[in-house]
Amino acid sequence: MSTTSSPRLAVINLMPQAEIYLDYMAGVLPPGTDVRWIRVRNHPYRSSNQEILEATHRFYDETDLDDCDALLLTGAAMDLNPDFTAATYWDEVVETLRDADGRVGSLAGVCWGAQVVGKVFYGIEKLHFPAKVSGVFEMTNLAPEHPLMRGLDDRYWLPQSRYAQLEPEPFAEAVKEGRLIPLDWCRESGHTTVVSADGAHLMLQGHQDYPTERLAQEYHSALKRGDSPPVPVNYDPDRPVNRWRANNRAFFAAWLQLAAERKRAGHGHAASATAAPSQV
């Protein structure tokens, strides 16, 4: 449990070039946030700077998690594969999430990580889009009185870069049952930001973590590989402009505050009691 006003966040980092994510999170987290960086054993991190990785990241079982308010699972290069279990680190990630679930105030996943959270705790598979959703989309705030959304505009911009979504039918059933709450929506991407009714689980299928230039980098990298990527919607990859920074900072600050409050209140989440078991 945190004993100071500074939030404490653990991050399971699966990103390509893992070291760049340190700067990404520094740009959206509240000043003074204590971040514990976690790496997984069954992932080679071939594109990452090994010296920086070794100096900044520890394995989960070497990390002091009990005084962390929240845990975040990043996106990963596995998002194009429809099979979650194809990831060499799948079992390790599932075991880690289930253990962390009872020890932090709230647990979040970003992009592929969001869909992993949906799979592990609610048994929801992912459904792939006909084409990649890429760009900056105007979201409608569906829950302006929710603690996570009170600081956001009625309509706000959100970067997205993904191939899949939470499968609509089981997602809709979980919403109907009151287990999940959709926080935003737009026509192109559907419900992007989703939280459990108790605040224990957060699914960020968009990229509240992205800096200004990230979509441009993805686009130009794909062109260099000889691919034909879609030009990101509402975004010029040659002259990128940030229209989402303030809302995303407000969102992360609200999430960490909610996580800290749940942690102080002793609201550890027993996954086995409320969540549908994943097939792993």
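Look a little higher up for the structure.
So, here is what we can say about the structure in this document.

Here is what the cut-offs are and how they apply
Residues numbered from 1 in each chain as written. Predicted model: local features only at pLDDT ≥ 70, side-chain atom pairs only at ≥ 80, totals over all residues. Heavy atoms only, no water. Helix = DSSP H or I, 4+ residues; strand = E, 2+ residues; numbered from the N terminus. Rg over C-alpha atoms; globule rule 2.2 N^0.38 Å. Contact = heavy atoms within 4.5 Å. Areas by Shrake-Rupley, 256 points an atom, 1.4 Å probe, with all protein chains shown as cover. Buried < 20%, exposed > 50% of the residue type's maximum accessible area, 1.4 Å probe, protein only. Core = buried A, V, L, I, M, F, W, Y, C linked by side-chain atoms within 4.5 Å. Axes fitted to C-alpha atoms, helices over the stretch in contact; angles between N-to-C directions. Parallel < 35°, antiparallel > 145°, perpendicular 65-115°, else oblique. Left-handed = near helix turned anticlockwise from the far one by under 90°. Pairing = 2+ DSSP bridges. Salt bridge = Lys/Arg side-chain N within 4 Å of Asp/Glu carboxyl O.

### Digging into the overall build of the protein chain
Working step 1: Per the secondary structure count, the protein chain includes eight helices and 11 strands.
Working step 2: Radius of gyration (C-alpha) of the protein chain: 17 Å, near the 19 Å computed for a compact globule of 280 residues.
Working step 3: Excluding contacts between residues fewer than 6 apart, the proportion of contacts in the protein chain whose partners are at least 24 apart in sequence is 74%.
Working step 4: Of the roughly 12,300 Å² of accessible surface on the protein chain, 49% is carried by carbon and sulfur atoms.

### Here we look at the environment of Gly 199
Working step 1: With respect to the secondary-structure elements, Gly 199 resides in the loop between β10 (193-196) and β11 (201-204).
Working step 2: Judged by its relative accessible area of 7%, Gly 199 falls in the buried class.
Working step 3: In this structure Gly 199 touches Gly 105, Ser 106, Leu 258 and Arg 262, once residues within four positions along its chain are discounted.

### A few points about the nonpolar core
Working step 1: Among the nonpolar cores identified, the biggest contains 42 residues, and Leu 9, Tyr 21, Met 25, Leu 72, Leu 148 and Trp 255 are the most heavily contacted of them.
Working step 2: Top element by residues in this core is helix α7 (residues 245-264). It accounts for seven residues.
Working step 3: In this structure Leu 148 touches Leu 183, Val 195, Leu 202, Phe 251, Ala 254, Trp 255 and Leu 258, once residues within four positions along its chain are discounted.
Working step 4: Ranked by size, the runner-up nonpolar core spans 39 residues in total, among them Tyr 60, Phe 84, Leu 166 and Leu 180.

### Some points on the packing of helix α3 (residues 90-100) against helix α4 (residues 112-122)
Working step 1: Packing of α3 against α4 brings their axes to within 11 Å, and their N-to-C directions diverge by 70°. Taken together, the axes of α3 and α4 are roughly perpendicular relative to one another. The two elements α3 and α4 meet at a crossing, and its hand is right-handed. Across the interface between the two elements, Trp 90, Val 93, Val 94, Leu 97 and Arg 98 of α3 pack against Trp 112, Val 116, Lys 119, Val 120 and Phe 121 of α4.

### Section: α3
Working step 1: Among the residues of α3, Trp 90, Glu 92, Val 93, Val 94, Thr 96, Leu 97 and Ala 100 are the ones counted as buried.
Working step 2: The elements touched by buried residues of α3 are β1 (8-12), β4 (70-73), β5 (106-110) and α4.

### Here's the deal with the side chain of Arg 262
Working step 1: Mapping Arg 262 onto the fold places it in helix α7.
Working step 2: Beyond its immediate chain neighbours, meaning those up to four positions away, Arg 262 contacts Gly 105, Ser 106, Asp 198, Gly 199, Ala 200 and His 267.

### Some remarks on the sheet that holds strand β7 (residues 155-166)
Working step 1: In space, the three strands of this open sheet follow the order β7-β6-β9, with antiparallel pairing throughout. Looking at strand neighbours, the two that pair on one side only are β7 and β9 (184-185), the edges of this open sheet.
Working step 2: The pairing of strand β6 (residues 126-141) with β9 spans two bridges and is classified as antiparallel. Bridge pairing links Thr 140 to Trp 185 in β9.
Working step 3: Of the strands in this sheet, β6 and β7 are in contact with α4, which crosses β7 at around 65°.

### Here we look at the pattern of salt bridges
Working step 1: Under the defined criterion, the tally for this structure stands at 16 salt bridges.
Working step 2: Glu 218 is paired through a salt bridge with Lys 132; the nearest N and O atoms lie 3.9 Å apart. Placement of Glu 218 in helix α6 (residues 214-224) and of Lys 132 in strand β6 is noted, with a sequence separation of 86 residues between them.
Working step 3: Here Arg 225 and Asp 227 are joined by a salt bridge, their closest N and O atoms 3.2 Å apart.
Working step 4: Its relative accessible area of 57% is what places Arg 225 among the exposed residues.
Working step 5: Three or more residues joined by partner-sharing salt bridges are found here, namely Arg 8, Asp 34, Arg 36 and Asp 67.

### What about the pairing of β1?
Within a regular strand, the side chains alternate between the two sheet faces.
Working step 1: The buried count for β1 comes to five of five residues, which makes it a mostly enclosed element.
Working step 2: Of the pairings in the sheet, the one linking β1 to strand β2 (residues 34-39) comprises five bridges and is parallel in character. Looking across to β2, one finds that Ile 12 is bridged to Ile 38.
Working step 3: Taken together, the four bridges between β1 and β4 define a ladder with parallel strand orientation. Within β4, the residue paired with Val 11 across the bridge is Leu 72.

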